[in-house]
Protein chains: 2
Amino acid sequence: MNTTDRDLVITRDIAASPDKLFRCWTEPELMKRWFTPRPWTTTHAEVDLRVGGSNLVVMRGPDGTEFPNRGVYLEIVPNRRLVVTDAYVSAWEPSEKPFMTLIVTFDDLRDGTTRYTARARHWNVEDREAHEKMGFHEGWGTCAAQLAEMAATL
Amino acid sequence: MNTTDRDLVITRDIAASPDKLFRCWTEPELMKRWFTPRPWTTTHAEVDLRVGGSNLVVMRGPDGTEFPNRGVYLEIVPNRRLVVTDAYVSAWEPSEKPFMTLIVTFDDLRDGTTRYTARARHWNVEDREAHEKMGFHEGWGTCAAQLAEMAATL
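Residues numbered from 1 in each chain as written. Chains lettered and ligands numbered in written order. Predicted model: local features only at pLDDT ≥ 70, side-chain atom pairs only at ≥ 80, totals over all residues. Heavy atoms only, no water.

For chain A, an unreviewed UniProt entry supplies the name SRPBCC family protein and the organism Piscinibacter koreensis. Here chain A is described in UniProt, under the heading Sequence similarities (unreviewed entry), as follows: "Belongs to the AHA1 family." (UniProt positions renumbered as here; feature names shortened; annotations may be inferred.)

If you want it as structure tokens, here you go:
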């Protein structure tokens, strides 16, 4: 099975430095301002930024229903790269369902912009397809625009 | 779901120091001599001992059939603790099936013996039950005896 059959990817060149985008991805107070596509909101964010550390992001839908998302960091390269998976809720307690591993990279294009890439890697083609149908490209596209907007204020 | 419903554990007090048991677990030439319950053999072992590093252990059954097992290290505390999962085949390529996370600890009992604990943590109760029926306790018990025998020669 080809890995790319199981991946969903979004890439954007954003007019901000890698360190600003990295801050937006890892500081709870910033995450709450862009992480969920509006009109959804991010009501809570916790980050333990170390390999094996957990994160928790609570998203709230327009009807007020809250959706907690937990994950564990697998790799952290400051200002360059983050890897987090929902296969664990803490080090190393398995989640109910290993759905994806998210690999986020910030490549400095040396012209004041950063190539931002978020790759969601699933364990099987069915989960990738389900994620695509849930609106991955639209949702992550909206979030990337919100991220760019947020970073421009830093 | 209680995590312990998804775990299988074996513990043995072994007359060897933690560093010797850690070597047996991480040096390919030593692994090949104890890692598979006889009459099975370990025909090949590769270890990239770092967080995100891969390992590969090839087991051969009595009829000559070979079974490659791949995993990725999630946590390494020299002479104390190893965490490896088959959810990835490399950093961070998902495997075909996330089956278990293995947490191995070596606790120095300060009397020349080490409490050796191998905990196989599964993503669901069904996989834990299947692993138990495959003979987890018997197989890992035999391996622990082989490990103790091996460590005694170091």
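Structure shown, so let's carry the discussion forward.
Colleague: Sorry if this is basic, but what is going on with the layout of surface pockets here?
Modeller: Gaps between atoms show up when a probe of the same size as a water molecule is rolled over them. Residue and element names in this part refer to chain B. Approximately 1,100 Å³ is the volume found for the largest pocket. In terms of lining residues, the largest pocket is bounded by 36 residues, among which Met59, Asn69, Met100, His131 and Trp140 are the most central. At the level of secondary structure, the elements contributing two or more residues to the lining of the largest pocket comprise strand E3 (54–60), strand E4 (66–77), strand E5 (81–85), strand E8 (100–108) and helix H4 (136–151). Looking at the lining of the largest pocket, its residues break down into 20 nonpolar, 11 polar and five charged. (1 Å grid on protein atoms, 1.4 Å probe; cavity = no way out; pocket = protein on both sides within 12 Å on 5 of 7 lines; lining within 4 Å. Points joined across faces, edges and corners; volume = space filled by probe spheres on them. Helix = DSSP H or I, 4+ residues; strand = E, 2+ residues; numbered from the N terminus. Nonpolar A, V, L, I, M, F, W, Y, C, P; charged D, E, K, R; others polar.)

Colleague: For this particular structure, what's the right way to read the pattern of salt bridges?
Modeller: When the charged atoms of two side chains lie near each other, side chains of opposite charge can form a pair. The full count for this structure, using the stated rule, is 26 salt bridges over all chains. For A:Glu149, the salt bridge is made with A:Arg38, and the minimal N-O distance between the two is 3.2 Å. Remark: A:Arg38 occurs in the loop between helix H2 (28–31) and strand E2 (41–47) and A:Glu149 occurs in helix H4 (residues 136–151); sequence separation between them is 111 residues. Take A:Arg38: its relative accessible area is 48%, and that puts it in the partly exposed class. Ionic pairing is found between B:Arg60 and B:Glu66, a salt bridge with its closest N-O pair at 3.5 Å. (Salt bridge = Lys/Arg side-chain N within 4 Å of Asp/Glu carboxyl O. Buried < 20%, exposed > 50% of the residue type's maximum accessible area, 1.4 Å probe, protein only.)

Colleague: I would appreciate a short explanation of the relation of the copies chain A and chain B in the present structure.
Modeller: Note: a rotation about an axis with an accompanying shift along it relates these two copies of the chain. Rotating chain A by 180 degrees and translating it 0.0 Å along the rotation axis places it on chain B, where the RMSD comes to 0.0 Å. The operation mapping one copy onto its partner corresponds to a two-fold rotation axis. (Least-squares fit on C-alpha atoms with pLDDT ≥ 70 in both.)

Colleague: What should I look at first to understand the nonpolar core in this one?
Modeller: Nonpolar side chains tend toward joint burial in soluble globular proteins. In terms of nonpolar packing, the biggest core is built from 34 residues, with B:Leu21, B:Trp25, B:Trp34, B:Tyr116, B:Trp140 and B:Leu147 touching the most fellow members. By residue number, the principal contributor to this core is H4(B), which donates seven residues. B:Trp34 has contacts with B:Cys24, B:Trp25, B:Tyr116, B:Cys143, B:Gln146, B:Leu147 and B:Met150, leaving out every residue within four places of it along the chain. A:Phe99, A:Phe106, A:Tyr116 and A:Ala118 belong to the second-largest nonpolar core, a separate cluster that totals 32 residues. (Core = buried A, V, L, I, M, F, W, Y, C linked by side-chain atoms within 4.5 Å. Contact = heavy atoms within 4.5 Å.)

Colleague: So what exactly am I meant to see when it comes to the pairing of E3(B) here?
Modeller: Where a strand is regular, its side chains alternate between the two sheet faces. All names here are of chain B. Burial runs high along E3: five of the seven residues are buried. Where strand E2 (residues 41–47) folds back onto E3 in an antiparallel hairpin, the turn is made up of six residues, including glycine 52, whose phi is positive at roughly 90 degrees. Summarising the sheet, E3 and E4 pair through seven bridges and their orientation is antiparallel. Within E4, the position partnered with asparagine 55 by the bridge is glycine 71. From the end of E3 to the start of E4, which pair antiparallel, there are five residues, and glycine 64 there has a positive phi angle of about 95 degrees. (Pairing = 2+ DSSP bridges.)

Colleague: I keep staring at the interface of chain A and chain B and nothing clicks. Help me out?
Modeller: Each side of the interface is counted separately: chain A has 22 residues, and chain B has 22 residues. Across the chain A/chain B interface, buried area totals approximately 1,900 Å², and carbon plus sulfur atoms make up 55% of it. Together, A:Trp92, A:Pro94 and A:Trp123 form the three largest contributors to the area buried by chain A at its contact with chain B, with a combined 36%. On inspection of chain A and its partner chain B, the count reaches zero salt bridges. The tally of links between chain A and chain B comes to 14 residue pairs in polar contact (both at pLDDT 80 or more). Counting only elements with at least two residues in the side of chain A that touches chain B, the list comes to strand E4 (66–77), strand E5 (81–85), strand E7 (93–94), strand E8 (100–108) and strand E9 (114–122) of chain A. Among the elements that line the side of chain A that touches chain B, the one with the most residues is E5(A), at three residues. Grouping the constituent residues of the side of chain A that touches chain B by class yields 11 nonpolar, five polar and six charged. (Buried area = accessible area lost by both parts, 1.4 Å probe. Polar contact = N/O pair within 3.5 Å; in protein donor to acceptor, adjacent residues only side chain to side chain.)

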